[in-house]
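Now for the letters of each chain:
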Amino acid sequence: MKLKELERPAVQVWSPASQYPVYLATGTSAQQLDASFSTDGTLEIFEVDFRDPSLDLKRKGVLSASSRFHKLIWGSFGNGVLEGSGVIAGGGDDGMLTLYNVTHILSSGKEPVITQIQKHTGAVRALDFNPFQGNLLASGANDSEIFIWDLNNLSVPMTPGSKSQYREQPPEDIKAVSWNRQVQHILSSAHPSGKAVVWDLRKNEPIIKVSDHSSRMHCSGLAWHPDIATQLVLCSEDDRLPVIHLWDLRFASSPLKVLESHSRGILSVSWSQADAELLLSSAKDNQILCWNLGSSEVVYKLPTLSSWCFDVQWCPRDPPVFSAASFDGWISLYSVMGRSWEVQQMRQADKISSSFSKVQRLPPLQVPEQVAQASLIPPLKKPPKWMRKPAGVSFAFGGKLVTFGLPSTPAHQVPQPCLRLVFISQVTTEPEFLMRSAELQEGLGSGNLLNYCQNKIQQASPQSEKMLWQFLKVTLEKDSRMKFLKLLGYNKDELQKKVATWLKSDLGLGESPQPKGVDLNSNRQQAFCIQTSKHTTKEASACSTFFDELVPQDMTPWEIPITEDTDGLLSQALLLGELGPAVELCLKEECFADAIILAQAGGADLLKQTQEHYLAKKKTRIAPLLACVIQKNWKDMVCACSLKNWREALALLLTYSGPEKFPELCDMLGTRMEQEGGRALTSEARLCYVCSGSVERLVECWEKCPRASSPMALQDLMEKVMVLNKSLKLLWGPDGVSPGPATTYRIAQYANLLAAQGSLVTAMSYLPSDCTQPPIQQLRDRLFHAQGSGVLGQQSPPFPFPRVIVGAAPHSQETSSPRLGFQSSHQVPAPSPRPRIFTPPSSLVMPLTPSCPSPYQGSRMQNTSDYRPSGFQEAQSLPVVPGLYLSRSYQEGKGCKLLTPWDSLEHGLFLVHPRHPQTLCRLVLPPCLRLLDGSLCFL
């Protein structure tokens, strides 16, 4: 494809590969004249910006030259200097050699001409900078003159060999000089007689001469192999022998290869420095060819040009780009990455239309048919070296790292065929995570989780984390509620000791501070009774019979009040058995003890009403607690108590709440702590969820932690989840635990992380076996098949995706569209057994039959019947829309075959699942897919 163009009768040279942006320098050609017949010379520098869609080049610098140019060369000498852009050397008539400072040309500041030397005889047509020492410049002219210039000292050039060695009989012009690309002291020169001389500058003499024995080859160009130091090419401009010879100096008796595709003499050659297999050539037959020297075939060909192209050059920085200078006064830039000319023609048409569309709206362009068939520049038949990956790396499922790399030895030294190694290694990035996971797996496998929890308690550093592991350990033990109370700081034995100590101090039996808020007068008799009964237990047991037979000797008679005051009314109510009014009288007089005693005798309803009346009137700090204990209204207690007393609230639930309401109340308390207590109480809320056995709430609470995304934090969570699940299974049985969405997501995440570290078996063990959620089923299927031979003999998990028939029924009333549809009423039965490794017996892998006959159908279609699901032909007889059938070679990277006509591409591309051959998917073809010679091409 043409990228840029410039109308200049000039010679050209690219900027070095280290130069950015990319420049193209042009000098007025000494071999051409324009329409004005002007003999003035000009040196111009243009910036090549491929981001600009236009064909124009931006001129960045211009300089008038004293003479025209036969040859331009751009060296990197001076690039190490700040703002240095190198040096351009120009060869002119009369032996003139001129050196230019590129930086000064671009800046239009200082004098750009470094020096002008007129040392040669005749026109200087051969120039080349040493690729290893940028200060060395080789030049060649008439009379077989070759000079080596040192840019640091231009006074005296070096002449290779003695005068008799480099002067030929008769003397010849030097058509080209070229430094070796691997050995810095080797220089070669080409002569019109078809001879090439190779010079060793260390010995200062020619070491070998190669020439055509037929003496019909007239050399016009020379180029060294970029990688192999002993190989070079020579091209002939003689129309009788338009060939390119590839020589190896180790076998100089005849060329290794002869390239013959040009019909007339070859004017120039250029060897790609990015891919040593690609060689450009231009000839008098108006063709520019790109050769593959490995196969000796033309891999790229430009359409016929209007005139001869006398110079082609690869761009040093952009490998697919090359420039071509022709005798018609145009310099064009092309890319070997082929593309149709149609795009460029449409771009030019749009550019012209834009100039007229403002005046009149133009009708659509009607292009004649013969013109519409645009010339197609085929792409390279083989990917060039700059597009080949020298190395590659990819992570695979299970923590596998797949790498490949080219051999370190040069390509020409590698024996053919060469085995390319692909390395598969296991990558472990979280060793501590794996170690803790192994410890958890060991604890779960041994069943001794108590020791595991005890170790976690000892290792826990924050007090909240230590408390959480203590609670988790209690869930595995018996009498968990009492142990939860002890962890919260409430112990019955210690409470009895404290009460006894306080009572002793109150009776003068010990010294102890008096508790605040305690009515001593109301408790003295009770304490005395307790103390008396404690000291006389033995005497009462010994003489009980005697005291039982005693009859009181002195009894004081008592009277029943019959007055009209409160006591009298109370007496009358008791005499009549009206306990309700009697309780009301006691409550009015605030005789709460008498009221409660009478209410207890009057039944449960009267007692409840009396208790409510008492609690409503008696406002003390302990009254709300008494109300909760008496009324058992724990929900209100959870919602109304201060969060400062969350421990006490949890203790009340552990002491009084029934097993039916206990989990719900604990969850309510934990949720309130999360919502109202902030970050401080969020971690404490986990204790409530442990007590209730709510794994889902525990996971949701953990997700609010700031470091919840790290692998170690996920390991902490899974340790707690697994221990809590174990305790729930002990309590409710294995069928009583079903993970929620949040828990399932974290389990899948944990299993994926384990699989990424290579622990496939361990990851598989954490997935719940009875879970039907799609993520878990898909991960289980993937883990099962990723283990390979490790699952031999085990039952394969069910296929995690629904199976549907991809096809269309033309006569169906339900489906009116001719495109593919899902037929839900035709489910494909699961195959038995299913092949684990998909190895089709023929080139076809598509187990479907087109609805219409295809010209490509034949005996190969019958070979796919063995891989159809059972009952497919009989029960699933729906016609199938034509599509693309993939061959085995597609999986090996060799392309695919088209088995249907072109119009079937609209229906898409069918792909067969590599592990489940009965499963298909359809891909809609994007516009970048085109049909070319019966194969599918990606543009």
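Residues numbered from 1 in each chain as written. Predicted model: local features only at pLDDT ≥ 70, side-chain atom pairs only at ≥ 80, totals over all residues. Heavy atoms only, no water.

Caption draft 1: How the structure looks around the overall build of the protein. Looking only at helices and strands, one finds 28 helices and 37 strands in the protein. Counted over contacts in the protein with a minimum sequence separation of 6, partners at least 24 positions apart contribute 52%. Carbon and sulfur atoms provide 54% of the accessible area of the protein, an area that totals close to 51700 Å². (Helix = DSSP H or I, 4+ residues; strand = E, 2+ residues; numbered from the N terminus. Contact = heavy atoms within 4.5 Å. Areas by Shrake-Rupley, 256 points an atom, 1.4 Å probe, with all protein chains shown as cover.)

Caption draft 2: Region of interest: the pattern of salt bridges. By the definition in use, this model includes 22 salt bridges. The partner of D49 in a salt bridge is R51, and the shortest N-O contact between them spans 3.1 Å. Each of the salt bridges in this network shares a partner with another, and the network as a whole consists of R436, K456, D716 and E719. (Salt bridge = Lys/Arg side-chain N within 4 Å of Asp/Glu carboxyl O.)

Caption draft 3: The side chain of K473, seen in detail. The residue K473 is located in helix α7 (residues 463-475) in this model. An unpaired buried charge is present at K473: no salt bridge exists, and E477, the closest side chain of opposite charge, is 4.4 Å distant. Not counting residues within four places of it along the chain, the set of residues in contact with K473 comprises L450, C453, Q454 and I457. (Buried < 20%, exposed > 50% of the residue type's maximum accessible area, 1.4 Å probe, protein only. Lys, Arg positive; Asp, Glu negative; His and termini not counted.)

Caption draft 4: Up close: the nonpolar core. Ranked by size, the top nonpolar core spans 75 residues in total, and within it F471, M637, L650, L653, L669, M673 and Y750 carry the most contacts. A per-element tally of this core places helix α23 (residues 711-732) first, with 10 residues. Apart from residues no more than four positions distant in its own chain, F471 is found in contact with F484, L487, L488, L650, L687, V690 and C691. Formed by 32 residues, the second largest nonpolar core is a distinct cluster that contains V11, W14, W74 and I331. (Core = buried A, V, L, I, M, F, W, Y, C linked by side-chain atoms within 4.5 Å.)

Caption draft 5: Structural context of the sheet that holds strand β21 (residues 257-259). With respect to topology, four strands assemble into an open sheet ordered β18-β19-β20-β21, the strand pairing being antiparallel. Both outer strands of the open sheet, β18 (219-224) and β21, are each paired with one neighbouring strand and no more. On average, adjacent strands in this sheet sit at an angle of 20 degrees to one another, irrespective of strand direction. Pairing analysis gives five bridges linking strand β19 (residues 231-236) to strand β20 (residues 244-248), with the strands arranged antiparallel. Across the sheet, residue Q231 finds its bridge partner in β20, namely D248. (Pairing = 2+ DSSP bridges. Axes fitted to C-alpha atoms, helices over the stretch in contact; angles between N-to-C directions.)

Caption draft 6: The arrangement of the packing of helix α5 (residues 431-446) against helix α6 (residues 449-459) in detail. The interhelical angle for the contact between α5 and α6, taken along N-to-C directions, is 145 degrees, at an axis separation of 8 Å. For the crossing formed where α5 meets α6, the hand is left-handed. Of α6, the residues touching α5 (which contributes R436, E439, L440, G443 and L444) are L449, Y452 and K456. Residue classes in the contact of α5 with α6 are distributed as four nonpolar, one polar and three charged. (Left-handed = near helix turned anticlockwise from the far one by under 90°. Nonpolar A, V, L, I, M, F, W, Y, C, P; charged D, E, K, R; others polar.)

Caption draft 7: Spatial organisation of the pairing of strand β6 (residues 69-75). In terms of burial, β6 is largely enclosed, as six of its seven residues are buried. Here six bridges tie β6 to strand β7 (residues 87-92), and the two strands are oriented antiparallel to one another. Among the inter-strand pairings, L72 is bridged to a residue of β7, identified as G90.

Caption draft 8: Spatial organisation of the pairing of β19. In terms of burial, β19 is a largely internal element, six of the six residues being buried. Across the two faces of β19 the burial is the same, with Q231, V233 and C235 and L232, L234 and S236 all buried. Where β18 and β19 come together, five bridges link them in antiparallel fashion. The partner of C219 across the bridge, within β19, is S236. Linking β18 back to β19 in an antiparallel pair, the connection comprises six residues.

Caption draft 9: Summary view of helix α21 (residues 685-692). Most of α21 sits out of view: eight of its eight residues are buried. Taken together, the buried positions of α21 are A685, R686, L687, C688, Y689, V690, C691 and S692. Tucked inside the fold, the buried residues of α21 contact α7, α8 (480-488), α19 (646-656), α20 (662-682), α22 (695-702) and α23. Looking one or two places after α21, you find G693, whose phi comes out positive at around 75 degrees.

Caption draft 10: Just the environment of Y300, in detail. Position of Y300 among the secondary structure elements: in strand β25 (residues 297-301). Once the C-alpha coordinates of Y300 and V336 are considered, the two residues, 36 residues apart in sequence, prove to be 6.9 Å apart. Here S335 takes part through its backbone oxygen, which lies 3.0 Å from a polar atom of the side chain of Y300. (Polar contact = N/O pair within 3.5 Å; in protein donor to acceptor, adjacent residues only side chain to side chain.)

Caption draft 11: Just the sheet that holds strand β1 (residues 2-7), in detail. Read across the sheet, four strands follow the order β1-β28-β27-β26 without closing on themselves; strand pairing throughout is antiparallel. In this open sheet, the two strands that pair with only one neighbour each are β1 and β26 (309-314). Here the strands of the sheet are splayed against their neighbours by 15 degrees on average, with no regard to which way each runs. Where β1 and strand β28 (residues 330-335) come together, five bridges link them in antiparallel fashion. In the strand pairing of β28, L6 is matched with I331.

Caption draft 12: Quick look at a nonpolar patch on the surface. Among the surface-exposed residues, W558, I560, L575 and L576 lie close enough to one another that they form a single nonpolar patch of about 540 Å² accessible area. With respect to the helices, strands and loops of the structure, L575 is situated in helix α13 (residues 566-575). Look at L575 and you get exposed, because its relative accessible area is 60%. (Patch = residues over 30% accessible without salt bridge, like charges linked within 9 Å, V, L, I, M, F, W, Y side chains within 5 Å.)

Caption draft 13: Molecular detail of unusual backbone geometry. Omega for the bond connecting Y20 with P21 falls within 30 degrees of zero, at 5 degrees, which places this linkage in the cis form. Here P21 lies in the loop between β2 (10-14) and β3 (23-28). You will see that S144, though not glycine, has its phi angle at about 60 degrees, which is positive. Counting through the fold element by element, S144 comes out in the loop between β11 (136-140) and β12 (146-150). You can call S144 buried: its relative accessible area is 1%.

Caption draft 14: Spotlight on the state of the cysteines. In the structure shown here, the tally under the stated rule is zero disulfides. Take C235: it sits in no disulfide, and the sulfur closest to it among the cysteines is that of C219, at 7.2 Å. (Disulfide = S-S within 2.5 Å.)

Caption draft 15: Focus on the packing of aromatic side chains. The full count for this structure, using the stated rule, is 15 aromatic pairs. A ring pair is formed by F799 and F801, whose centres lie 5.6 Å apart and whose planes are at 65 degrees; its orientation type is edge-to-face. The class for F799 is buried, based on a relative accessible area of 13%. Since its relative accessible area comes to 42%, F801 is described here as partly exposed. An aromatic cluster is built from Y300, W314, F322, Y334 and W386, whose rings are joined through pairwise contacts. For R481, the ring lying beneath its charged end belongs to F662, and the centroid distance is 4.1 Å. (Phe/Tyr/Trp six-rings, centres within 6.5 Å; stacked < 30°, edge-to-face > 60°. Lys NZ or Arg CZ within 6 Å of the ring centre and 35° of its normal.)

Caption draft 16: Structural view of helix α16 (residues 604-617). The end-to-end C-alpha distance of α16 is 20 Å, a good match for the 20 Å that 14 residues give at a rise of 1.5 Å each. Contacts made by the buried residues of α16 are with α14 (579-588), α15 (592-602) and α17 (623-631). (Expected span 1.5 Å × (residues − 1).)

Caption draft 17: Layout of the side chain of S657. Assignment of secondary structure puts S657 in the loop between α19 and α20. Relative accessible area serves as the criterion here: at 6%, S657 is assigned to the buried category. Within the structure, S657 has its side chain in polar contact with the backbone nitrogen of F662 (distance 3.5 Å). Apart from residues lying up to four places away in sequence, S657 is in contact with R481, W634, L652, F662 and L665.

Caption draft 18: Inspection of the confidence of the model for the protein at higher detail. Mean pLDDT over the protein: 75, with 72% of residues reaching 70 or higher. In this model, residues 370-376 is a region of pLDDT below 50 whose contacts with residues beyond four sequence positions or in other chains number seven contacts. Low pLDDT (under 50) marks residues 509-544, which in the prediction has 20 contacts with non-local residues, meaning those over four places away or in another chain. (pLDDT = per-residue confidence, 0-100.)

Caption draft 19: Examining the packing of α14 against α15 more closely. Running from amino to carboxyl end, α14 crosses α15 at an angle of 165 degrees, the nearest separation of the two axes being 8 Å. The pairing of α14 with α15 is recorded here as roughly antiparallel in orientation. In this structure, α14 crosses over α15, and the sense of that crossing is left-handed. Across the interface between the two elements, L579, A582, V583, C586 and L587 of α14 pack against F592, D594, A595, L598, A599, A601 and G602 of α15. Partitioning the contact of α14 with α15 into residue classes produces 10 nonpolar, one polar and one charged. (Parallel < 35°, antiparallel > 145°, perpendicular 65-115°, else oblique.)

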